[in-house]
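Each chain, letter by letter, is given below.
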Amino acid sequence: MACFEIRAITAAAVAILLLTAPHAANAVTCGDVATSVAPCMAYARTGQGSPSAGCCSGIKSLNSKAATGTDRQTVCNCLKNLAKTMTFNSGAVAGLPGKCGVNIPYAISTSTDCTKVH
């Protein structure tokens, strides 16, 4: 009988831990970053005109998803890695958040030290 009670208490404790633990599934991924900024690519390459509504929607969505310092560091690193794969107008890219009405706590640049992003 005591063995059954210990198992029941252990199972209840594990269930509580699983239900109350932060879920890693909510973390931002590089796939999220790529999807969010994909509508911005034409503007990022040329810097001509204004970013599209889809671009700004993606930037705003990404900013909302990056709720923790770890998320913001992930976004920063993903953006830097994405920048290595394409030619872009660095001034246009750096100005994207402002043009979309978003304030981020770091500069979008290939020289940004993402470990210092909080």
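Nothing here was measured: the structure is a model prediction, and the numbers come from that model.

Peer 1: I keep staring at the overall build of the protein and nothing clicks. Help me out?
Peer 2: Within the protein one finds six helices and zero strands. Along the protein, helices (α) and strands (β) appear in the sequence α-α-α-α-α-α when read from the amino end. Going through the 118 residues of the protein one by one, you find that 29% of them count as buried. About 7400 Å² of surface is accessible on the protein, with carbon and sulfur atoms providing 62% of the total.

Peer 1: Just checking my understanding: could you explain the side chain of R72 for this structure?
Peer 2: Along the chain, the position of R72 falls in helix α5 (residues 69-83). The charged side chain of R72 is buried without a salt bridge, its nearest counter-charge being D71 at 6.9 Å. The residues touching R72, leaving out its near neighbours within four places in the chain, are A66, A67, P105, Y106, V117 and H118.

Peer 1: Would you mind showing me how to read the environment of I59 here?
Peer 2: Summarising the element assignment, I59 is placed in helix α4 (residues 53-65). On the basis of relative accessible area, I59 is assigned to the buried category, the value being 11%. A sequence separation of 23 residues divides I59 from S36, and the C-alpha atoms of the two residues are 6.3 Å apart. Beyond its immediate stretch of four places on either side in the chain, I59 contacts S36, V37, C40, P97, C100 and V102.

Peer 1: Which parts of the structure should I look at to understand the state of the cysteines?
Peer 2: Each disulfide is one covalent bond, formed between the sulfur atoms of two cysteines. Applying the stated criterion across every chain yields a total of four disulfides. The disulfide partner of C40 is C55, and the S-S distance across this bridge is 2.0 Å. On the sign convention where negative is left-handed, the bridge of C40 and C55, at about 100 degrees about the S-S bond, is right-handed. Taken together, the positions of C40 in the loop between α2 (30-37) and α3 (41-46) and C55 in helix α4 put the pair 15 residues apart, joining distant regions of the chain. Of the two residues, C40 and C55, both sit in the buried class. Between C56 and C100 runs a disulfide, and the two sulfur atoms are separated by 2.1 Å.

Peer 1: Could you clarify how one ought to interpret the nonpolar core in this entry?
Peer 2: Among soluble globular proteins, nonpolar side chains are generally buried collectively. Counting residues in hydrophobic clusters, the biggest one holds 26 residues, and the most contacted among them are V33, I59, V75 and L79. Every element with two or more residues in this core is listed here: α2, α3, α4, α5 and α6 (90-99).

What counts as what
Residues numbered from 1 in each chain as written. Predicted model: local features only at pLDDT ≥ 70, side-chain atom pairs only at ≥ 80, totals over all residues. Heavy atoms only, no water. Helix = DSSP H or I, 4+ residues; strand = E, 2+ residues; numbered from the N terminus. Buried < 20%, exposed > 50% of the residue type's maximum accessible area, 1.4 Å probe, protein only. Areas by Shrake-Rupley, 256 points an atom, 1.4 Å probe, with all protein chains shown as cover. Lys, Arg positive; Asp, Glu negative; His and termini not counted. Salt bridge = Lys/Arg side-chain N within 4 Å of Asp/Glu carboxyl O. Contact = heavy atoms within 4.5 Å. Disulfide = S-S within 2.5 Å. Core = buried A, V, L, I, M, F, W, Y, C linked by side-chain atoms within 4.5 Å.

Keep in mind that these numbers describe shape and distance, not what the molecule does.
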